[in-house]
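Results of the structural survey
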Amino acid sequence: MSTRDRLRIAMQKSGRLTEPALELLNRCGLSFRQSRDKLFCFGEGEPVDLLLVRDDDIPGLIAQGVCDLGIVGRNVLSEFSLGAGPEADLAEWRQLGFGRCRLSIAVPQEMAYEQPAQLAGRRIATSYPGLLGQWLRTQGIDAGVVTLAGSVEIAPRLGTADAICDLVQSGGTLVANQLRETDIVLESEAVLAGPRNLPSDERGDMIDLLFKRLDGVMQVRESRLLLLQASRGALDAVTRLLPGGPQPTLLPVAGQPDQFMLQALCAGEVSWRQLEEIKKAGAREMFVLPVEKMLA
Ligand code: ATP
Ligand code: ZN
């Protein structure tokens, strides 16, 4: 085991996950001295540094203990875990809500495809042989897996495969290659990955702190604070219409014994329609505010 006392997080050096990952870490109060062209980003303030690498290398770096945590797509993490065996016991500690995509089967548009069983005996090109192999086994299908490092989507046109298993977000790439998405093998998003057994030293404490801040950031991302006034008689009707969240807080209004100010944390957006309904139930002076930080 290394004797590092600073936490080291691996993230993608340049790609789809880079900006959102940095933004998320910034929102957790972590900032880094800008040296993005380099391998290493030194953390200012908290003892947390970044290692900027190709996303495919992230699970291995965690498994080797070179990094404590990593921000990586579930697709990459799961593929690594399937291939690495039990000694590399990695866990998905947090879901981060960006980099959403799916690993899907796609077939040529002209193929009359109805069910996965039709893939039996065919060749499927993919960069995810582990995940595809696992899906084929659970479906009870015996198909050939053609492993390609990239440009998977052109394999059917080149005649090197009959179908593909690749990442899809909007589906635009598939259409451009005359392919049709048929089955989802894995739903993916960026995750915070780490060893299943986290360190119990100061780095472990820092990881705990980071998890707590992350949970706060993820929670407030969607949250809104709703403020309104209502009379005692309208409180029940108004409270019933509040969109989710914990019990609202009631504050008396000075000089108006029958009036209350109500404050409620709402789990998601509050729409105009919802506000109008709440107003109809007797609320006045309504405000919907974004929440910047939250520490439970
Ligand atoms: P590198 O290996 O150089 O780090 P890359 O080309 O493998 O980069 P990106 O294309 O930046 O990686 O994708 C990184 C991750 O973004 C993917 O592993 C996946 O989790 C996620 N992602 C989200 N949408 C898509 C998409 N449409 N295509 C590919 N990946 C996507
Ligand atoms: Zn990659």
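Our subject in this report is the structure included herewith. None of these values were measured; they are calculated from a predicted model.

This next bit is on the overall build of the protein. Scanning the protein from N- to C-terminus turns up nine helices and 17 strands. At 25 Å, the protein has a C-alpha radius of gyration far larger than the 19 Å of a compact globule built from 296 residues. In terms of its C-alpha atoms, the protein occupies a principal-axis envelope of roughly 80 × 55 × 35 Å. Counting across all 296 residues of the protein, residues that qualify as buried make up 43%. The contacts in the protein between residues at least 6 apart in sequence include a share of 70% that link residues at least 24 apart.

Glancing now at the coordination of the zinc ion (ligand 2). Of the protein atoms, only Asp55 (OD) and Asp56 (OD) coordinate the zinc ion (ligand 2), at distances of 2.1 Å. Metal-centred angles of 73 to 176° between the four donor atoms at the zinc ion (ligand 2) mark the site as irregular.

Right, let's get into the site of ligand 1. Taken together, 15 residues are adjacent to ligand 1, and Gln12, Arg54, Asp55, Asp56 and Asn75 come closest. One of the side-chain N or O atoms of Arg54 is found 2.8 Å from an oxygen atom in ligand 1. At 2.7 Å from an oxygen atom of ligand 1 is found a side-chain nitrogen or oxygen belonging to Asp56. Residues that form the shell around ligand 1 fall into these classes: four nonpolar, six polar and five charged. For the shell around ligand 1, the two domains that each supply at least three residues are domain 1 (3–99 + 190–220) and domain 2 (101–187).

Take the side chain of Arg224 next. Relative to the elements of secondary structure, Arg224 occurs in strand 14 (residues 224–231). Of the polar contacts made by the side chain of Arg224, one reaches the side chain of Glu269; its length is 2.9 Å. If we ignore the near neighbours within four places in the chain, the residues touching Arg224 are Ala264, Leu265, Cys266, Gly268, Glu269, Val270, Val288, Leu289, Pro290 and Val291.

Strand order in the open sheet formed by six strands is 3-5-1-6-13-7, with mixed pairing between adjacent strands. Taken across any chain shown, the strands that pair with only one partner, and hence form the sheet edges, are strand 3 (40–41) and strand 7 (90–95). As judged from the four bridges shared by strand 6 (residues 69–73) and strand 13 (residues 190–195), these two strands associate in the antiparallel manner. Residue pairing in the sheet places Val72 in a bridge with Val191 of strand 13.

The antiparallel open sheet is built from four strands, whose spatial order is 15-16-14-17. Each edge of the sheet is formed by a strand with only one pairing partner; in this case those strands are strand 15 (249–253) and strand 17 (284–290). Each neighbouring strand pair of the sheet contributes to a mean axis angle of 20°, computed without reference to strand direction. Sheet strands touched by helix 9 (residues 272–280): strand 14 and strand 17. Its angle to strand 17, the strand with the most contacts, is close to 150°.

Turning to helix 1 (residues 18–27), a few remarks are in order. Three or more residues of helix 1 are buried, namely Thr18, Ala21, Leu22, Leu24 and Leu25. Angularly, the buried residues of helix 1 cover 160° about the axis, an arc narrow enough to put them on a single face. Where helix 1 ends, the next residue or the one after it, Gly29, has phi of about 85°, a positive value.

Thresholds, definitions, all that
- Residues numbered from 1 in each chain as written.
- Chains lettered and ligands numbered in written order.
- Predicted model: local features only at pLDDT ≥ 70, side-chain atom pairs only at ≥ 80, totals over all residues.
- Heavy atoms only, no water.
- Helix = DSSP H or I, 4+ residues; strand = E, 2+ residues; numbered from the N terminus.
- Rg over C-alpha atoms; globule rule 2.2 N^0.38 Å.
- Buried < 20%, exposed > 50% of the residue type's maximum accessible area, 1.4 Å probe, protein only.
- Contact = heavy atoms within 4.5 Å.
- Donors = N, O, S within 2.8 Å, 3.2 Å for Na, K, Ca; no water.
- Tetrahedral: all angles 85-135°; square planar, octahedral: opposite > 155°, others 65-115°.
- Near = heavy atom within 4 Å.
- Polar contact = N/O pair within 3.5 Å; in protein donor to acceptor, adjacent residues only side chain to side chain.
- Nonpolar A, V, L, I, M, F, W, Y, C, P; charged D, E, K, R; others polar.
- Domains from an automatic or database assignment.
- Pairing = 2+ DSSP bridges.
- Axes fitted to C-alpha atoms, helices over the stretch in contact; angles between N-to-C directions.
- Arc of directions from axis to C-beta.

This is a description of form; function is not addressed.
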